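# Residue-level structural notes
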Amino acid sequence: MKPNPVVWFEIYVQDMARAQRFYETVFQCTLTPLATPDGLDGGMQMLSFPADMGAMGATGTLVRMDGMPSGGGGTLVYFACADCAVEQGRVAAAGGQVLRPKFSIAPHGHIALVADSEGNCIGLHSMD
């Protein structure tokens, strides 16, 4: 296995507009539509997070697909932040819930665990 093995992620949602508002509000970014891959039917919508394929780290999408539920599923995606308390502070107003406020994972920085508007648990990570 190569170092930093995660290259892509998908966060499944039930209400794309609601999920888009949540992620754009919390992370102060713009999600962009991504074309449905060839061979998949029309029951799929995808919005991509900002990406720089030349930079370290993974990117991914929000996905609404028939038959794929949102919610806790055992996989946790962490988003990099300058100070995870800032993004944590936007969660409730964006329709989510803070599950565990910012706490130390010394010497590896700090994390916060939050639920998005679709019931998915995501992590926020910062060194400060």
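Below: a short report on this structure. (Residues numbered from 1 in each chain as written. Predicted model: local features only at pLDDT ≥ 70, side-chain atom pairs only at ≥ 80, totals over all residues. Heavy atoms only, no water.)

Summing up its helical and strand segments, the protein has 2 helices and 8 strands in all. Along its sequence from the N terminus, the protein presents helices and strands in the succession β-α-β-β-β-β-α-β-β-β. Radius of gyration (C-alpha) of the protein: 15 Å, near the 14 Å computed for a compact globule of 128 residues. Across the 128 residues of the protein, 37% fall into the buried class. Across the protein, every contact between residues at least 6 apart in sequence was considered, and the portion connecting residues at least 24 apart equals 53%. Accessible surface, the protein: about 7500 Å² in total, of which carbon and sulfur atoms supply 56%. (Helix = DSSP H or I, 4+ residues; strand = E, 2+ residues; numbered from the N terminus. Rg over C-alpha atoms; globule rule 2.2 N^0.38 Å. Buried < 20%, exposed > 50% of the residue type's maximum accessible area, 1.4 Å probe, protein only. Contact = heavy atoms within 4.5 Å. Areas by Shrake-Rupley, 256 points an atom, 1.4 Å probe, with all protein chains shown as cover.)

Take the pairing of strand β4 (residues 59-65) next. The element β4 is extensively covered by neighbouring structure, given that 6 of its 7 residues are classed as buried. Summarising the sheet, strand β3 (residues 44-48) and β4 pair through 5 bridges and their orientation is antiparallel. Looking across to β4, one finds that Ser48 is bridged to Thr61. (Pairing = 2+ DSSP bridges.)

This part is about the side chain of Thr61. Structurally, the position occupied by Thr61 is in strand β4. Among all residues touching Thr61, those that are not within four sequence positions of it are Trp8, Phe9, Glu10, Ile11, Leu34, Met46, Leu47, Ser48 and Phe49.

Size it by volume and the largest pocket reaches roughly 860 Å³. What lines the largest pocket is a set of 23 residues, among which Phe9, Gly57, Ala58, Thr59 and Tyr78 lie closest to the centre. The element contributing the most residues to the lining of the largest pocket is strand β5 (residues 77-80), with 4 residues. Among the residues forming the lining of the largest pocket, the class breakdown is 17 nonpolar, 4 polar and 2 charged. By volume, the second largest pocket amounts to about 330 Å³. If you go around the second largest pocket, you meet 17 residues; those closest to its centre are Glu10, Ile11, Gly71, Thr75 and Asn120. Broken down by secondary-structure element, the contributors of at least two residues to the lining of the second largest pocket are β1 (8-12) and β8 (121-126). With 4 residues, β1 is the largest single contributor of residues to the lining of the second largest pocket. (1 Å grid on protein atoms, 1.4 Å probe; cavity = no way out; pocket = protein on both sides within 12 Å on 5 of 7 lines; lining within 4 Å. Points joined across faces, edges and corners; volume = space filled by probe spheres on them. Nonpolar A, V, L, I, M, F, W, Y, C, P; charged D, E, K, R; others polar.)

In this section: the pattern of salt bridges. If you walk through the whole model with that rule in mind, you get 3 salt bridges. Glu118 is paired through a salt bridge with Arg18; the nearest N and O atoms lie 2.6 Å apart. Taken as a pair, Glu118 in the loop between β7 (110-115) and β8 and Arg18 in helix α1 (residues 16-27) lie far apart in primary sequence, 100 residues in all. Judged by relative accessible area, which is 34%, Arg18 ranks as partly exposed. Between Lys102 and Asp83 there is a salt bridge, and its shortest N-O distance comes to 2.8 Å. (Salt bridge = Lys/Arg side-chain N within 4 Å of Asp/Glu carboxyl O.)

Those residues of helix α2 (residues 84-91) that fall on the buried side of the exposure criterion are Cys84, Glu87, Gln88 and Val91. Axial view of α2: buried residues confined to an arc of 105°, hence all on one face. (Arc of directions from axis to C-beta.)

The quantities given are spatial measurements derived from coordinates; they are silent on function.
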